[in-house]
Amino acid sequence: MSSPKLFHLAPMLLEIGTILLPGNWGRCIKHPMRNQDQSYVREIAMEERRKLHFVKKPSRLYCIFALPSLNSVRAYQKIGLNVLSAVYEIEPLVHNGPMHLGNWRLGNFYQGQHHLADHYWRGLRVDLPNSNDISDEVLVSLEYEGAEVLIGGKAKIIRRLDESSLDYEGRGYGD
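Small disclaimer: the values here were computed from a predicted structure and weren't measured.

**Quick look at the overall build of the chain**
No. 1: Each helix and strand in the chain was counted, giving four helices and seven strands.
No. 2: Reading the secondary structure of the chain in the N-to-C direction produces β-β-α-α-β-α-β-β-α-β-β.
No. 3: Burial statistics for the chain: of 175 residues in total, 44% are counted as buried.
No. 4: For the chain, long-range pairs separated by at least 24 residues make up 80% of all intrachain contacts whose partners lie at least 6 apart in sequence.
No. 5: By element, 53% of the accessible surface of the chain is carried by carbon and sulfur atoms, the whole surface being about 9900 Å².

Quick look at the structure:
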């Protein structure tokens, strides 16, 4: 079984073959200019829960974020996240490296709502026959809009999707 496609959003144009390094979101979150805003507080709380109960999962602060389908890309951009970013198909460089499939819709919780962070870290799971492509976790329905994949290592850009591939009216994928 081949690995499922993964998509990454980046605010700049990158060449095919570019190697993405983990940790850019953590670098941004920890930047002194952020003044410990809501994103900072949320991510630090998520990291604390991960370290306490889900230590084998990759850190959100030191990973590459990916989406498992164009449906997920559309849903993510529809609510105003990374709306102007270029969309890239990527592949992890370390096969069977640390990965996590979570629900990005659970990321907006408030301090003290640890059950939501725990639910995020428990992840979305489904068993597909003969598949070890995403560690011991495999993508739920690839069409689930809230799915995001944390890649705990480097990834390579395979191709950049053009805007016509992202049909926001649901008429087709175009690729």
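**Some details on the nonpolar core**
No. 1: In terms of nonpolar packing, the biggest core is built from 15 residues, with Leu6, Ile64, Ala66, Tyr88, Ile90, Val149 and Ile151 touching the most fellow members.
No. 2: Only β1 (6-10), β3 (64-66), β4 (86-92), β5 (99-103), β6 (147-151) and β7 (155-161) provide two or more residues apiece to this core.
No. 3: Not counting residues up to four positions away in its chain, the partners in contact with Ile151 are Leu6, Cys63, Ile64, Ala66, Ile90, Pro92, Pro98 and Met99.
No. 4: If you look at the next biggest cluster of nonpolar residues, it comprises 10 residues, including Phe7, Leu9, Leu67 and Ala75.

**Considerations on helix α3 (residues 70-78)**
No. 1: The buried fraction of α3 is high, at eight of nine residues.
No. 2: Buried within α3 we find Leu70, Asn71, Ser72, Val73, Arg74, Ala75, Tyr76 and Gln77.
No. 3: Looking at the buried side of α3, the elements it contacts are β1, β4, β6 and β7.
No. 4: Between the side-chain oxygen at the start of α3 and the backbone nitrogen of Asn71 there is a gap of 3.3 Å, and the oxygen is on Ser69.
No. 5: Gly80 lies just past α3 and shows a positive phi near 95°.

**Concerning the sheet that holds β4**
No. 1: The strand order across the open sheet formed by four strands is β1-β4-β7-β2, and the pairing between neighbours is antiparallel. Every interior strand has two partners, whereas the edge strands, β1 and β2 (19-20), have only one.
No. 2: Alignment of β4 against β7, held across six bridges, turns out to be antiparallel. Looking at the pairing, Tyr88 lines up with Arg160 of β7.
No. 3: α3 rests against β1, β4 and β7 of the sheet, and its axis sits at about 30° to β1.

**Details of the pairing of β6**
No. 1: Counting buried positions along β6 yields five of five residues, so the element is predominantly enclosed.
No. 2: The alternating pattern of β6 places Ala147, Val149 and Ile151 and Glu148 and Leu150 on opposite faces, both of which are buried.
No. 3: Pairing between β3 and β6: three bridges, direction antiparallel. Each residue of the ladder has a partner; that of Phe65, found in β6, is Leu150.
No. 4: Of the pairings in the sheet, the one linking β5 to β6 comprises five bridges and is antiparallel in character. Across the sheet, residue Gly102 finds its bridge partner in β6, namely Glu148.

**Things to note about the layout of surface pockets**
No. 1: Of the volumes computed, that of the largest pocket is approximately 910 Å³.
No. 2: Around the largest pocket sit 32 residues that line it, and Leu9, Trp25, Phe65, Tyr76 and Asn82 are the ones nearest its centre.
No. 3: Those elements giving two or more residues to the lining of the largest pocket turn out to be β1, α1 (24-29), α2 (38-53) and β3.
No. 4: In terms of residue count, the dominant contributor to the lining of the largest pocket is β1 (four residues).
No. 5: Here the lining of the largest pocket is composed, by residue class, of 19 nonpolar, eight polar and five charged.

Reading the values: rules and limits
Residues numbered from 1 in each chain as written. Predicted model: local features only at pLDDT ≥ 70, side-chain atom pairs only at ≥ 80, totals over all residues. Heavy atoms only, no water. Helix = DSSP H or I, 4+ residues; strand = E, 2+ residues; numbered from the N terminus. Buried < 20%, exposed > 50% of the residue type's maximum accessible area, 1.4 Å probe, protein only. Contact = heavy atoms within 4.5 Å. Areas by Shrake-Rupley, 256 points an atom, 1.4 Å probe, with all protein chains shown as cover. Core = buried A, V, L, I, M, F, W, Y, C linked by side-chain atoms within 4.5 Å. Polar contact = N/O pair within 3.5 Å; in protein donor to acceptor, adjacent residues only side chain to side chain. Pairing = 2+ DSSP bridges. Axes fitted to C-alpha atoms, helices over the stretch in contact; angles between N-to-C directions. 1 Å grid on protein atoms, 1.4 Å probe; cavity = no way out; pocket = protein on both sides within 12 Å on 5 of 7 lines; lining within 4 Å. Points joined across faces, edges and corners; volume = space filled by probe spheres on them. Nonpolar A, V, L, I, M, F, W, Y, C, P; charged D, E, K, R; others polar.

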